[in-house]
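# Chains, contacts and geometry: an overview
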There are 4 protein chains.
Amino acid sequence: MPLNKEQNDEVEQLRASSNTTLRATVPSLEEILYKPLPALDHGFVRVIDYMGDDTAIVQSARVSYGKGTKKISNDKGLIKYLMRHWHSTPFEMCEIKLHVKLPIFIARQWIRHRTANVNEYSARYSILDKEFYIPSVENLASQSQINKQGRAENLSPEEAKKVIELLKSDAEQTYRNYEVMLNENSDGETLDESSMGIARELARMNLTLNTYTQWYWKIDLNNLLHFLALRADAHAQYEIRVYADIILDIVKKWVPVTYEAFEDYRVGGTQLSAKEILILKKIIKGETVDPDAEGISKREWGELQKKFDL
Amino acid sequence: MPLNKEQNDEVEQLRASSNTTLRATVPSLEEILYKPLPALDHGFVRVIDYMGDDTAIVQSARVSYGKGTKKISNDKGLIKYLMRHWHSTPFEMCEIKLHVKLPIFIARQWIRHRTANVNEYSARYSILDKEFYIPSVENLASQSQINKQGRAENLSPEEAKKVIELLKSDAEQTYRNYEVMLNENSDGETLDESSMGIARELARMNLTLNTYTQWYWKIDLNNLLHFLALRADAHAQYEIRVYADIILDIVKKWVPVTYEAFEDYRVGGTQLSAKEILILKKIIKGETVDPDAEGISKREWGELQKKFDL
Amino acid sequence: MPLNKEQNDEVEQLRASSNTTLRATVPSLEEILYKPLPALDHGFVRVIDYMGDDTAIVQSARVSYGKGTKKISNDKGLIKYLMRHWHSTPFEMCEIKLHVKLPIFIARQWIRHRTANVNEYSARYSILDKEFYIPSVENLASQSQINKQGRAENLSPEEAKKVIELLKSDAEQTYRNYEVMLNENSDGETLDESSMGIARELARMNLTLNTYTQWYWKIDLNNLLHFLALRADAHAQYEIRVYADIILDIVKKWVPVTYEAFEDYRVGGTQLSAKEILILKKIIKGETVDPDAEGISKREWGELQKKFDL
Amino acid sequence: MPLNKEQNDEVEQLRASSNTTLRATVPSLEEILYKPLPALDHGFVRVIDYMGDDTAIVQSARVSYGKGTKKISNDKGLIKYLMRHWHSTPFEMCEIKLHVKLPIFIARQWIRHRTANVNEYSARYSILDKEFYIPSVENLASQSQINKQGRAENLSPEEAKKVIELLKSDAEQTYRNYEVMLNENSDGETLDESSMGIARELARMNLTLNTYTQWYWKIDLNNLLHFLALRADAHAQYEIRVYADIILDIVKKWVPVTYEAFEDYRVGGTQLSAKEILILKKIIKGETVDPDAEGISKREWGELQKKFDL
């Protein structure tokens, strides 16, 4: 179970005392506030706080465009218009704060999105918990030869089992030696009275990259959608996609109109190059197309065929 | 009065319907939510939304430092510690959204703070209101000869009166011609049926820099404090300081413990150079100090004397 | 002429002394270094410095992807791949510094791109030159009724002439009163020995928004391309597009391979929504399409028809 | 040796062909361009490119302040003035690009500085080299009890030796199993023809945090100085300080005047709170001071005494 007793008590306590506010409030998000939504084997995502809703986006947009946008009377229409024309600033007016527990190698991908605020658990100050991500059998796959950064077929059950055992035993052994070097276990007990132990900032280097860390992560809706467009995508690594999918679901509860526009214009949409537009025009006119003559690569041509059932 | 009837109705409507939330809530900020706090002759600051409070800062810091900071049991002590050691990320966990009406020449200074989200009223889409900032007599002062970007003595009442009249008549005339060029007044009435008028994005160039604009401005607490340290300072231009002082007051209501630490460590504090430290050490030891020999400029020496009543 | 004598002498001096460097160097950019490229009636763009070239982008990408991208042996192919898959970080590895002179109302649009470094001429410190942007007759157009932020037909020569005269006389009058209030003209001469004049930070508020300002603007190539995608677009205001087109030309000289990929994938490309993909698929299959039934707006349908000659 | 043969050949090749440029050039930085400056046991810092010099900072500042700053005729004086008054934008006008090889646990600290451009070696695309950071005996120290994130005394040689052996054997074992899971060694040879191996993006999770990674890191001088103020500080972890000290030395070669001002106003300087100013004033006046009555903590009082030899 992802939260320890102390944390669970805190969740219950926070959910027990409600306040009165004049701020924009989203009941369906209030329902899950503070609650851990499980991710992978030991991770979670929790909504800690949020600011704004679909109406706040509309309101900000109307300040910008003034009387000039009175014509788009409908809120839904205005949000679709903003999404379609990449008017990003109104979406920046909403903010969300999440508490996320995740393996370090995923945290390293995640942090590459710089436009967010982060408070990570510091292994210089405190000892990391003994929790590692061990993939399940169905998520162990071989290296893709086509996609240099992707996965191909699943391993045989035997090979998968062997990999899982290696991951487990290495993580446990390095953690055990982490404690030995600290001369302290995760309960704060000294292991050997005759030795000093090394500083936490040093000992942590012995841990493997599947060790779990956690952080508070705060981001505006515009940058969050950008994160989701990349990380909920089929090309993203499975382990970060698990988190992105949970967050997509949070976004759906939080700003349902924006979510719908995002699905239509970003997730389900596509980008075409000038050359691809020309090719499609020819196809529509019934002309035959020679991709080489059009100057696009085999890969691009293959993807275009797939996208439009050519 | 800064808000028009439509806007006032909106404030009343927003303040009439309260919601229940599990989020951190600050009663003294709720009291002023949506209400315009007047600034200069036609401007205002309104708090539209906020996220977090002093406790949220402490909570984020404790996630970072884990069990390691249990020692600083006191919340106030922890916030002071964070402020003192420039640990900025916990303060980034709070966010505020303001609606500000301000003269364009001040908006140009303000926008230089890049780490904020902004939705400004667009004069490409809509016609700007006929409102200009005209300084009051006591705020009209001559150019400082010492501080290249500052003011010195006040003008004589006669000269002040003359300046005010020039500012008024030029602003009114350029606004009148703005309407003529648009061929439309601010009520949307056509002025001359036989002419076309020019596009709003063009006509606006005829307006003077004291014309009022407005925007939604959203920023995290850490960057807001940085803004305030610069703009509530005695060296800031009076007109932006008026806004900074109002916001300082909002911060005091919002996060009183952080406000206190900010006053102690930033606003009332000072930065000393290596050379100034050496000089103070000598003075404390009772040695005589020759500023030239110590390698500091006359100006630095003067400021040091003033700071420490030397 | 945009540069004054002093500035011209500086350009000649800077261009007279060449250095030897081991850094990536772009001869076609060196040819125009420091030289003012005219924009509008008094503005210009000058390249002051640059870092990196097409090869630097490739080199950075190869560090990221390591041996894994050996397959894309061709530099041009790799840059196209990066552009197509929105891999933005390698493009961030190039940087350019420009000196730009531009009207204030355009500077206000420009500065909304926050991810750049800016040093603007300060009218708190110094007196602004007597230079205003006055549009030429062919750039004066009426307000578009379809595009709320755009222009429609050109004015009649008579109306255009009238507008130009209003713009000129208002700019000149407000500048004259700026000098009166400063009690100083732009040559630094005192106007009236018996009056004090007001501070520069105050007097500037009397100037109109078409007054020219100038700044040093430094930005990385990725953010610059984003700026150009928005500001060299047909929907951008003509006056900023003039600057964007000049900068596009600079980019072409600087990183020709990147420029070509940018033209293909961004400028000439397009974004399709999920619904638009479905519609195109139907059209390709020869089915008839009812835009209403597909759930897209009239405007979207019109634009789609135009894009693909439907 | 930090660079492999291929990389060394590239350095020599890059240093062999010099170009002619009109850009600002710094001979003492050209001398070390591309060359690896060793850090820790397998790491390095290399200067790959740079933009600007001390003169560029002055030039940008003069554009901002115009004729208004003619008075500060001296370049050195102007840079000191800018540093002292925290005028950060002119320092943003210089940029540097570094190639850094560093252990992952240090990379995780480093990346928290968000205002930089980064291209990191991707272990999704490519296999990481078999290189781990193993501290030397004199850098192994026990946990500080005063500073929750620091080190205290050095370990006994016996305990140090034991720790080093644990770090080595765990890193080697996990790397060996990394190869087993990949079914490929770092030379690209398949280990077992009968097994598939898992994807690189998965296998990497078995590596320990002292494994080396590398990246291109580009940052402006203002943000670099902020990074150095934090990371070259005595409170920073030793391992990141090693890199910060190397970069400080690079800054000294690059912009010697700025470096000197930075040393005086930042590195050697200090920040005093309002309360500390009051206390110093009393001490200067010869009054006795009771820290409790002044409202400062024991720790603050201790640090103040140390700073001023009280």
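Numbering of residues begins from 1 in every chain and follows the order in which that chain's sequence is written. Each chain takes a letter, starting from A, and each ligand takes a number, starting from 1, following the order in which they are written. With pLDDT at 70 or above as the cut-off, local features in this predicted model cover only qualifying residues; side-chain atom pairs require 80 or more to be listed or tallied, and sums for whole chains, interfaces and linings still use all residues.

### Here's the deal with the interface of chain D and chain B
Using the following cut-off: Our contact criterion uses C-beta atoms placed from the backbone: two residues qualify when those atoms are within 7 Å. Strands here mean DSSP runs of E at least two residues long; helices mean DSSP runs of H or I at least four residues long; both are numbered from the N terminus. Under the scheme applied here, ten amino acids are nonpolar (Ala, Val, Leu, Ile, Met, Phe, Trp, Tyr, Cys and Pro), four are charged (Asp, Glu, Lys and Arg), and all others, including Gly, are polar.
Between chain D and chain B, the residue contacts involve 21 residues of the former and 21 residues of the latter. Among the elements of the structure, α10 (256-267), β9 (270-272) and α11 (274-284) of chain D are those that each provide at least two residues to the side of chain D that touches chain B. A per-class count over the side of chain D that touches chain B returns 8 nonpolar, 7 polar and 6 charged.

### Side note on the pairing of strand β8 (residues 212-220) of chain D
All names here are of chain D. Note the cut-off: A residue is called partly exposed when the number of other C-beta atoms within 10 Å of its own lies between 12 and 20, exposed at 12 or fewer, and buried at 20 or more, with C-beta atoms placed from the backbone. At least two bridges found by DSSP between two strands are what make those strands a pair.
When you tally the buried positions in β8, you get 9 out of 9 residues, the bulk of the element. Of the two faces of β8, the one lined by Tyr 212, Gln 214, Tyr 216, Lys 218 and Asp 220 and the one lined by Thr 213, Trp 215, Trp 217 and Ile 219 are each fully buried. Where strand β4 (residues 95-103) and β8 come together, 9 bridges link them in antiparallel fashion. Counterpart to Lys 101 in the pairing with β8 is Gln 214. Strand direction decides the pairing type here: strand β5 (residues 117-120) and β8, joined by 4 bridges, are antiparallel. The residue bridging Val 118 from the neighbouring strand is Trp 217, located in β8.

### Points about the confidence of the model for chain A
Spelled out, the test is: Confidence scores here are pLDDT values: one per residue, from the predictor, ranging 0 to 100.
Per-chain confidence: chain A averages 92 in pLDDT, with 97% of residues scoring 70 or above. With a pTM of 0.95, the predicted complex shows an ipTM of 0.94.

### What about the sheet that holds strand β2 (residues 37-39) of chain C?
Note: strands within a sheet are paired through backbone hydrogen bonds, in either parallel or antiparallel orientation. All names here are of chain C. Defined as follows: For helices, the axis comes from a line fit to the C-alpha atoms of the stretch in contact; other axes are also lines fit to C-alpha atoms, and the angle between any two N-to-C directions lies between 0 and 180 degrees.
Pairing is antiparallel across the open sheet formed by 5 strands, whose spatial order is β2-β3-β4-β8-β5. The open sheet has two free edges, formed respectively by β2 and β5 (117-120), since each of these has just one partner strand. The sheet shows a mean angle of 25° between the axes of neighbouring strands, direction not considered. The strands touched by helix α8 (residues 221-231) are β4 (95-103) and β8 (212-220); relative to β8, the strand with the most contacts, the crossing angle is about 125°.

### Re the domain arrangement of chain A
Worth spelling out the cut-off: An automatic or database domain assignment is the source of the domain bounds shown.
For chain A, the assigned domains are domain 1 (1-133 + 210-269), domain 2 (135-208) and domain 3 (274-307). Here the C-alpha centroids of domain 2 of chain A and domain 3 of chain A sit 47 Å apart.

### What about the packing of helix α3 (residues 54-65) of chain D against helix α4 (residues 75-84) of chain D?
Residue and element names in this part refer to chain D. We apply this condition: An angle below 35 degrees is treated as roughly parallel, one above 145 as roughly antiparallel, one from 65 to 115 as roughly perpendicular, and anything else as oblique.
In the contact formed by α3 and α4, the axes pass within 10 Å of each other and the chain directions differ by 70°. Between α3 and α4, the angle falls in the class roughly perpendicular. Taking contact as the criterion, the partners of Asp 54, Thr 55, Ile 57, Val 58 and Ala 61 in α3 are, on α4, Asp 75, Leu 78, Ile 79 and Leu 82. Residues belonging to the contact of α3 with α4 are distributed by class as follows: 6 nonpolar, 1 polar and 2 charged.

### Some words on the sheet that holds strand β3 (residues 43-51) of chain B
All names here are of chain B. Strand order in this open sheet of 5 strands is β2-β3-β4-β8-β5, and the pairing throughout is antiparallel. The open sheet is flanked by β2 (37-39) and β5 (117-120), the only strands paired with a single partner. Going across the sheet, the axis of each strand differs from the next one's by a mean of 25°, ignoring polarity. This element, helix α9 (residues 238-254), spans β2, β3 and β4 (95-103) of the sheet and lies at about 30° to β3.

### Some remarks on the relation of the copies chain A and chain B
One copy of the chain maps onto the second through a rotation around an axis plus a translation along that axis. Where we set the bar: For this overlay, a least-squares fit was computed on C-alpha atoms, restricted to residues scoring pLDDT of at least 70 in both copies.
For the pair chain A and chain B, the superposition axis carries a translation of 0.0 Å, the fit reaches an RMSD of 0.0 Å, and the rotation angle comes to 180°. Classification of the inter-copy transformation places it as that of a two-fold axis. Distance from the rotation axis, computed per C-alpha, reaches its smallest value in chain A at Thr 20 of chain A: 2.4 Å. Counting the interface residues of chain A, we find that 100% of their copies in chain B are interface residues as well, pointing to one common contact surface.

### Thoughts on the environment of Asn 117 of chain B
With respect to the helices and strands, the residue Asn 117 of chain B is situated in strand β5. Separated by 100 residues in the primary sequence, Asn 117 of chain B and Trp 217 of chain B place their C-alpha atoms 5.7 Å from one another. Leave out the neighbours within four places in its chain, and Asn 117 of chain B touches Thr 89, Glu 92, Met 93 and Asp 220 of chain A together with Lys 218 of chain B.

### Remarks on the relation of the copies chain D and chain B
Mapping chain D onto chain B is achieved by rotating through 180° and translating by 0.0 Å along the same axis, at an RMSD of 0.0 Å. Both copies contact each other with a shared surface, as 100% of the interface residues of chain D are interface residues in chain B too.

### Comments concerning helix α1 (residues 5-16) of chain B
The cut-off we apply is this: Expected span, for any helix, means 1.5 Å times one less than how many residues it has.
Along its 12 residues, α1 of chain B runs 16 Å from first to last C-alpha, staying within 8% of the 16 Å computed at 1.5 Å per residue. Here α1 of chain B lies mainly on the outside; 0 of its 12 residues are buried.

### Concerning the packing of helix α4 (residues 75-84) of chain C against helix α10 (residues 256-267) of chain C
Residue and element names in this part refer to chain C. Selection rule: By the definition used in this description, the sense in which the near helix is turned from the far one sets the handedness, with an anticlockwise turn below a right angle giving left-handed and a clockwise turn giving right-handed.
Across the interface, α4 lies against α10 with an axial gap of 9 Å and an inter-helix angle of 40°. In terms of orientation, α4 lies oblique with respect to α10. Relative to α10, α4 is oriented so that their crossing is right-handed. Only Val 257, Thr 258, Ala 261, Phe 262 and Tyr 265 of α10 make contact with α4, whose side of the interface consists of Asp 75, Lys 76, Ile 79, Lys 80, Met 83 and Arg 84. Partitioning the contact of α4 with α10 into residue classes produces 6 nonpolar, 1 polar and 4 charged.

### Points about the interface of chain A and chain B
Interface size is commonly expressed as the accessible surface area that is lost when the partners come together. Each partner contributes residues to the interface: chain A has 44 residues there, and chain B has 44 residues. Of all the elements in the fold, those that place two or more residues in the side of chain A that touches chain B are α1 (5-16), β1 (19-21), β3 (43-51), α3 (54-65), β4 (95-103), β5 (117-120) and β8 (212-220) of chain A. Considering only residue class, the side of chain A that touches chain B consists of 16 nonpolar, 17 polar and 11 charged. Examined bridge by bridge, β1 of chain A and strand β1 (residues 19-21) of chain B share 3 bridges and lie antiparallel to one another. Residue pairing in the sheet places Thr 21 of chain A in a bridge with Asn 19 of chain B of β1 of chain B.

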